[in-house]
Amino acid sequence: MSGKSVHELIVGPITCFALDKQRQKLAFSPNDHTVHIYKLAGNKWQPDCVLTEHGQNVTGIDWAAESNRLVTCGADRNAYVWTLQEGKWKPTLVILRINRAATCVKWSPKEDKFAVGSGARLISVCYFEEENNWWVSKHIKKPLRSTVTSLDWHPSNILLAAGSTDFKARVFSGHIKEVDGKPPKETQWGEKPSFGTCLAEFSNGRGGWVHDVSFSAGGDKLAWVGHDSSISVVASSNQAQIYTIKGEFLPFISCTWITNNSVVAGGHDYVPLLFSVDDAGQLTFNQKLDVAKKKESEAMSAMAKFRTMDKEASTGDSNKAVNTTHQNSISQISIHTGDKGNTSKFASVGVDGRFVIWDVKGLEASIAGLKIA
């Protein structure tokens, strides 16, 4: 890596986050019912306001770049669309019609609808109803058999990828006639995409909960990560062939494409890892994107180490901090600068309360498939 920017936001875990279009504001939840919005002042993030409408833990946040609207969802079974009016964020309740916790939320590329996953074994695809001036939803149910953990929209604004705890990643039609008009006859992932149709269903056969899913920039490939310490990729041109890597790493929690042929994933190993994908979907592990620093104790002289142990009343066998940028599990990775086809920076948050911006311009040009301008 050519560089990274580390920001200590809070003491405690950050479960989810989102950035505005200008990357001058950051919204995140500290594992409770609140959403904190910070603004960038120079090189430091400073508190701006706190949103407190949710009654239980906030589980998902997404920031619409063009319309500057926030959408949040939580364990209280609610979702809110927030609009900035006269300097204050005003919430609008969304009619989700679910009886279990909402788990994740994503705006569509055109920002005219969004999808909410839940523990009710369904996906609520929400859109604004002008006549009644509120957000309503339609449900995608079959063949979901367990909690929906993650969502990602296809660049077409019609298809929707979902991961769930029934060990499968699926591609659904999120087409809504009132918003999208007449559906196309066919898509990259299947034909006749009427609302709720499951166009594709994938499992790597290993039995791990799917933690995150991500479409490539062109929408022709789908990546997902599971709790069985695996990452998988499938191409729309050959859906029968799923490529999976299960290495010596701990489970990933989040993943995203950073070029048409490169995926970054992070999770319980504290560091983001880079994978390359060829046009057929063949997956290859490249490298860790964080270089562990030499522990201070290893560089100390014997006398300096003894003085430190005496000062801290330590026996010398305690390990007070890990030697990576993130000091605990990474909970989310998102693009900071660029898009899925050409990312120059991505950001991550973790259980350590850190917000880290990673500069990927310095990656070696020899990495197969990696194309960064």
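Each chain has its residues counted from 1, following the order in which its sequence is written. A pLDDT threshold of at least 70 governs which residues receive local features in this predicted model, and a stricter bar of 80 or more applies before side-chain atom pairs are shown or counted, although totals over entire chains, interfaces and linings include all residues. In computing side-chain properties, one takes all heavy atoms of the structure into account and sets aside hydrogens as well as water.

Describing the pairing of strand β29 (residues 342-350)
Point 1. Across the nine residues that make up β29, a large majority, seven, are buried.
Point 2. Inspection of the sheet shows strand β28 (residues 330-339) paired to β29 by eight bridges, in the antiparallel sense. Paired with S334 across the strands is A347, a residue of β29.
Point 3. Whether two strands pair depends on DSSP finding at least two bridges between them. For the purposes of this entry, the term helix denotes a DSSP run of H or I that reaches at least four residues, the term strand denotes a run of E that reaches at least two, and both are numbered from the N terminus. Hairpin connection, β29 to strand β30 (residues 354-359): the antiparallel pair is bridged by three residues, and G353 has positive phi, about 80°. For each residue, the accessible area found with a 1.4 Å probe, counting protein chains only, is set against the maximum for its type, and the residue is called buried under 20%, exposed over 50%, and partly exposed in between.

As for unusual backbone geometry
Point 1. Here the bond from K142 into P143 is cis, since omega is 5°, no more than 30 degrees from zero.
Point 2. Mapped onto the elements of the fold, P143 is located in the loop between β13 (134-140) and β14 (148-153).
Point 3. Backbone geometry places S229, a non-glycine residue, at a positive phi of 65°.
Point 4. Along the chain, the position of S229 falls in the loop between β21 (221-226) and β22 (230-235).
Point 5. According to the relative accessible area criterion, S229 is buried, its value standing at 11%.
Point 6. In the Ramachandran plot, Y270 falls in the positive-phi region, its phi being about 75° despite a non-glycine side chain.
Point 7. Tracing the backbone through its elements, the reader meets Y270 in the loop between β25 (262-267) and β26 (273-277).
Point 8. For Y270, a relative accessible area of 22% corresponds to the partly exposed category.

Observations regarding the environment of S194
Point 1. Checked against the element boundaries, S194 lands in the loop between β18 (190-191) and β19 (198-202).
Point 2. Along the primary structure S194 and P184 are separated by ten residues, whereas in three dimensions their C-alpha atoms are 8.8 Å apart.

Looking at a nonpolar patch on the surface
Point 1. On the surface, L93, I95 and W134 cluster together to form a nonpolar patch covering roughly 260 Å² of accessible area.
Point 2. Considering the arrangement of structural elements, one finds L93 in strand β9 (residues 88-94). Within this analysis, patches are made of residues with over 30% relative accessible area and no salt bridge. Like charges are joined at 9 Å or less; nonpolar side chains (Val, Leu, Ile, Met, Phe, Trp, Tyr) at 5 Å or less. All accessible areas in this document rest on Shrake-Rupley with a 1.4 Å probe, and a residue is counted as covered only by the protein chains that are shown. The salt bridge criterion pairs a side-chain nitrogen of Lys or Arg with a carboxyl oxygen of Asp or Glu, the two atoms within 4 Å.

Quick word on the sheet that holds strand β23 (residues 238-246)
Point 1. Sheet architecture is open: four strands sit in the order β20-β21-β22-β23, paired in antiparallel fashion. Pairing within the sheet leaves two strands with one partner each, and these edge strands are β20 (210-215) and β23. Going from strand to strand, the sheet's axes swing by 20° on average, the running direction of each strand aside.
Point 2. Pairing of β20 with β21 involves five bridges; the strand directions are antiparallel. The partner of V210 across the bridge, within β21, is G226. Think of each axis as a best-fit line through the C-alpha atoms, taken over the contacting stretch in the case of a helix, with angles from 0 to 180 degrees between the N-to-C directions.

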